[in-house]
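Okay, here's what each chain looks like letter by letter:
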Amino acid sequence: MLTRRHFIITSTAMFSGAIAGPALAQDSVGFDATVTRPDPDPNANNPWGLHPRFMPTRVQHRAGLQPGDIHVDAVARYLYHIGTDGTAMRYGVAIGRPGLYQPGTFRIGRKQEWPSWTPTANMIAREPHVYSQFAGGVPGGPENPLGARAFYLYEGNRDTYLRIHGTPQPWSIGTSASSGCVRMVNAHVIELYENVEIGSTAYLYPQA
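Residues numbered from 1 in each chain as written. Predicted model: local features only at pLDDT ≥ 70, side-chain atom pairs only at ≥ 80, totals over all residues. Heavy atoms only, no water.

With respect to the helices, strands and loops of the structure, Phe-134 is situated in the loop between α2 (128-131) and β8 (149-155). Taking the C-alpha atoms as reference points, Phe-134 and Ile-124, 10 residues apart in sequence, are found 8.8 Å from one another. Leave out the neighbours within four places in its chain, and Phe-134 touches Trp-117, Thr-118 and Pro-119. (Helix = DSSP H or I, 4+ residues; strand = E, 2+ residues; numbered from the N terminus. Contact = heavy atoms within 4.5 Å.)

Summed over all chains, the structure comprises 6 aromatic pairs. Measuring from ring centre to ring centre gives 6.2 Å for Phe-54 and Tyr-78, while their planes differ by 65 degrees; the resulting arrangement is edge-to-face. Of this pair, Phe-54 sits in the loop between β1 (15-16) and β2 (57-60) while Tyr-78 sits in strand β4 (residues 78-82); the two residues are 24 residues apart in sequence, bridging distant segments of the chain. Comparing Phe-54 with Tyr-78, the two get one shared label, buried. Members of the aromatic cluster, connected to one another through ring pairs, are Phe-54, Tyr-78 and Tyr-80. The ring of Tyr-193 carries Lys-111 above its face, with NZ or CZ at 4.4 Å from the centroid. Above the face of the Tyr-193 ring, Arg-149 is positioned so that its terminal group lies 5.3 Å from the ring centre. (Phe/Tyr/Trp six-rings, centres within 6.5 Å; stacked < 30°, edge-to-face > 60°. Buried < 20%, exposed > 50% of the residue type's maximum accessible area, 1.4 Å probe, protein only. Lys NZ or Arg CZ within 6 Å of the ring centre and 35° of its normal.)

It is worth spelling out the pattern of salt bridges at this point. Within the structure shown, the criterion is met by 4 salt bridges. A salt bridge links Arg-97 to Glu-127, with the shortest nitrogen-to-oxygen separation between them at 2.7 Å. Remark: Glu-127 occurs in the loop between α1 (121-126) and α2 and Arg-97 occurs in the loop between β6 (95-96) and β7 (104-113); sequence separation between them is 30 residues. Given the relative accessible area of 17%, Glu-127 is considered buried. (Salt bridge = Lys/Arg side-chain N within 4 Å of Asp/Glu carboxyl O.)

Before going further, it helps to examine the nonpolar core. Core analysis: the biggest nonpolar cluster contains 23 residues, and Ile-70, Leu-79 and Ile-164 have the highest contact counts within it. Here this core takes 3 residues from helix α3 (residues 186-193), the largest share from any one element. Residue contacts for Ile-70: discarding those within four places in its chain leaves Leu-79, Tyr-80, His-81, Ile-108, Ile-164, Leu-192, Val-196, Thr-201, Ala-202 and Tyr-203. Ranked by size, the runner-up nonpolar core spans 19 residues in total, among them Leu-50, Leu-65, Ala-148 and Ile-173. (Core = buried A, V, L, I, M, F, W, Y, C linked by side-chain atoms within 4.5 Å.)

Moving on: the environment of Arg-126. Mapped onto the secondary structure, Arg-126 falls in helix α1. Setting aside residues up to four positions removed in sequence, Arg-126 forms contacts with Arg-97, Leu-100 and Ser-179.

The subject of this paragraph is the side chain of Asp-69. Position of Asp-69 relative to the elements: it lies in the loop between β2 and β3 (70-73). Within the buried core, Asp-69 has no salt-bridge partner, and the shortest N-O distance to an opposite charge, that of Arg-107, equals 11 Å. Within the structure, Asp-69 has its side chain in polar contact with the backbone nitrogen of Thr-201 (distance 3.1 Å). Sequence-distant contacts of Asp-69, defined by excluding residues within four places in its chain, comprise Tyr-80, His-81, Ile-82, Ser-200, Thr-201 and Tyr-203. (Lys, Arg positive; Asp, Glu negative; His and termini not counted. Polar contact = N/O pair within 3.5 Å; in protein donor to acceptor, adjacent residues only side chain to side chain.)

A large share of strand β5 (residues 87-92) lies buried, amounting to 6 of its 6 residues. Sheet topology places β2 next to β5; 4 bridges connect them, and they run antiparallel. Residue pairing for β5: Val-59 is matched across the bridge by Ala-88. By the bridge criterion, 5 bridges tie β4 to β5 in an arrangement that is antiparallel. Each residue of the ladder has a partner; that of Tyr-80, found in β5, is Arg-90. Count of turn residues in the β4/β5 antiparallel hairpin: 4 residues, of which Gly-86 carries a positive phi of about 85 degrees. (Pairing = 2+ DSSP bridges.)

In short, shape yes, function no, at least from these values alone.
Here it is in structure tokens:
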């Protein structure tokens, strides 16, 4: 059974502080230039006002985890990307609102820069006053709910409609705020995107 005990970190953080973003990517629409990035000054590296524990941090992890995989701790609101040297990069995330978060083991079947977004039929039926106006879809861009990057979570060949993605609402990090997806700060998901391969496994652990 999937539980958080399978991956809980066994030692304290190795270091924390400013994590430099990748070189500014030039995508087809040029939206990357709109993303707020950490200041090079390590004393001013949190322009979003996040709690310090949600800033990118390199930590040690339990032995036996597969390099390249992603683990989401829904209790602590952390996402871990497993490295090849016994460490992982840890990021703060937001998860689904009560009753909407979906734990499980998924395959990253696709990833996309500045993705478009269309609410699911369930989202529209559940909150038509919020989502029906977007039924035709929203093009990618700085105000798109999926933010700067998205990883598409699959079960086999089936798209689950769950995503790990950026957000134009960085203040939601650390909370239960989404309709089921895992949210990251745009600058953080851009960094992660460059290091995650399609076909990697994403483990979303229960909230207990």
